[in-house]
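# Examining the three-dimensional arrangement
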Amino acid sequence: MAETLNLVNPNDNLSFKYEISKFPDGQQSLRLIEEGYNTFNSLKENPQGIIIKSRLNDFRDLEIIICANQALKEVGVRKIRLYIPYCVGARSDRKFMDGGFNYVKHVIAPIINSQGFEQVIITDPHSDVLEACINNFVKIDNTKLVHWSFTNYFLSKGFEIWDSMNFDGVRFVSPDAGALKKVFHVADTVKYKNEVIIASKHRNLETGKIDYTNVPMSVNDADKDVFIIDDICDGGRTFIEVAKAVNEVRKISSSVHPDNHGKNYLIITHGIFSAGYSQLGEYFETIYTTNSVKDIGETEYHALENLPTKVKQLNVF
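The model shown is predicted, which means the values in this text are computed figures rather than measured ones. (Residues numbered from 1 in each chain as written. Predicted model: local features only at pLDDT ≥ 70, side-chain atom pairs only at ≥ 80, totals over all residues. Heavy atoms only, no water.)

Moving on to unusual backbone geometry. Of note, the phi angle at Asn136 is positive, near 55°, even though the residue is not glycine. Mapped onto the fold, Asn136 is located in the loop between α4 (129-133) and β7 (137-140). Residue classification places Asn136 among the partly exposed positions, given a relative accessible area of 45%. For Phe273, which is not glycine, the phi torsion reads 50° and is therefore positive. Tracing the chain through its elements places Phe273 in the loop between β13 (264-271) and α8 (278-283). (Helix = DSSP H or I, 4+ residues; strand = E, 2+ residues; numbered from the N terminus. Buried < 20%, exposed > 50% of the residue type's maximum accessible area, 1.4 Å probe, protein only.)

So, on to the environment of Ala275. Structurally, Ala275 can be placed in the loop between β13 and α8. Given a relative accessible area of 46%, Ala275 falls into the partly exposed group. Distance from Ala275 to Cys233, taken between C-alpha atoms, is 10.0 Å for residues 42 residues apart in sequence.

What follows is about the sheet that holds strand β5 (residues 80-83). In space, the five strands of this open sheet follow the order β1-β4-β5-β6-β7, with parallel pairing throughout. The outermost strands of the open sheet, each flanked by one partner alone, are β1 (3-6) and β7. Direction aside, neighbouring strands of the sheet carry axes that sit 20° apart on average. Direction of pairing for strand β6 (residues 119-123) relative to β7: parallel, over a ladder of four bridges. (Pairing = 2+ DSSP bridges. Axes fitted to C-alpha atoms, helices over the stretch in contact; angles between N-to-C directions.)

Counted according to the given criterion, the structure contains 20 aromatic pairs. Look at Phe150 and Trp162: their rings are 6.0 Å apart centre to centre, the planes differ by 50°, and that puts the pair in the tilted class. Residue Phe150 is located in helix α5 (residues 143-156), and its partner Trp162 is located in the loop between α5 and β8 (170-174); the two are separated by twelve residues in the primary sequence. Given a relative accessible area of 0%, Phe150 falls into the buried group. A connected cluster of aromatic rings, assembled from ring pairs, spans Phe150, Tyr153, Phe154, Phe159, Trp162, Phe167, Phe172, Tyr192, Phe227 and Tyr265. (Phe/Tyr/Trp six-rings, centres within 6.5 Å; stacked < 30°, edge-to-face > 60°.)

Glancing now at the sheet that holds strand β9 (residues 196-198). Sheet strands pair via backbone hydrogen bonds, and the direction of the pair is either parallel or antiparallel. Strand order across the open sheet formed by six strands is β9-β8-β12-β13-β14-β15, with parallel pairing between neighbours. Two strands close off the open sheet at either side, each with one partner strand: β9 and β15 (311-314). Taking each pair of neighbouring strands and ignoring which way they run, the sheet shows an average axis angle of 25°. The pairing of β13 with strand β14 (residues 286-290) spans four bridges and is classified as parallel. Paired with Leu266 across the bridge in β14 is Ile287. Of the strands in this sheet, β8, β12 (225-233), β13, β14 and β15 are in contact with α5, which crosses β14 at around 150°. Strands β8, β12 and β13 of the sheet are contacted by helix α7 (residues 237-251), whose axis makes an angle of about 170° with β12. (Contact = heavy atoms within 4.5 Å.)

For the coordinates displayed, the defined rule picks out 14 salt bridges. Glu241 serves as the salt-bridge partner of Arg237, at 2.9 Å between the closest nitrogen and oxygen. Taken together, the residues Arg237 and Glu241, both in helix α7 and four residues apart, mark about one turn of the helix. In this structure Arg237 comes out as partly exposed when scored by relative accessible area, which is 37%. The salt bridge involving Lys251 is made with Glu248; its shortest N-O contact spans 3.3 Å. (Salt bridge = Lys/Arg side-chain N within 4 Å of Asp/Glu carboxyl O.)

Of all the nine residues making up β12, nine are buried; the element is thus mostly covered by neighbouring parts of the structure. The pairing of β12 with β13 spans seven bridges and is classified as parallel. If you follow Ile228 over to β13, its bridge partner there is Leu266. Remark: the β12/α7/β13 crossover connection has right-handed handedness. (Right-handed = clockwise from strand over helix to strand, strands pointing away.)

Glancing now at the packing of α5 against helix α6 (residues 180-190). Viewed as axis vectors pointing N to C, α5 and α6 meet at an angle of 60°, and their least axial separation amounts to 10 Å. Regarding the angle of α5 to α6, the classification is oblique. As for how α5 packs across α6, the hand of that crossing is right-handed. Within the contact between the two elements, α5 uses Thr143, Val146, His147 and Phe150 and α6 uses His185, Val186, Thr189 and Val190. Of the residues in the contact of α5 with α6, the class split is four nonpolar, four polar and no charged. (Parallel < 35°, antiparallel > 145°, perpendicular 65-115°, else oblique. Left-handed = near helix turned anticlockwise from the far one by under 90°. Nonpolar A, V, L, I, M, F, W, Y, C, P; charged D, E, K, R; others polar.)

These values are about where atoms sit, not about what they do.
The structure is reproduced here in structure tokens:
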């Protein structure tokens, strides 16, 4: 069994402790600590090697990852894997305009590659660019999150178990064409057989704001619960606009009484939630996410939310 050096949850480390130091000039450093029979020799001789688990939200995280990797190499460990479910800059996977550059390709990937990891494990990457640029890349899809989300959802509906038949009252929505591949993968994973609705949006290139969102949902489906599925939620504006458009379809339905209108749900792998949860909570019954970026309480906005019911977190650390 591989040892774990967990930089997010130190209690997850099986045998070894570490300490992180921060210096006045901003430098960070990490030191491994021997305890009792847990010597550096036993660490070095573990045939499964070491897995470094960390968030990678910014360069401070990357600095500590490099320190951990180098500390392990200094005590003789050569088989080291890196688990970073979310990778900073995942959406900056191409050159967006003249004078710019590809952040993933030219900034993040070269630094990670220089560390010589046996594997770099990332969950539900935003695009194939990460896989193309990072050496020894291993992709984990969002299957675990999806199954956990629907288990929670169907339990809340009174189902003790669920299968494809339970999806009769559910509709999947792809927030845009870019997420369609992910949504179809989810549909195939859970044996969802109904229509996948593809939303489209028009964005004002000058302001960056979404002017109009179209969701081609049938008014006869106004009683269905809608699940919007994607990999990253930053501020959440795209998902809010999709939810608004879904609600507008429900309003004009003459075949479904308002008391029987369905609810909106969001499954998102990486929750940045830079605008908090408050407005998202107005449009979504439940938000399912992981703690790949942060724990749901780690935001300045969390005090005004009803977190236990609105946001549910699957721990990946």
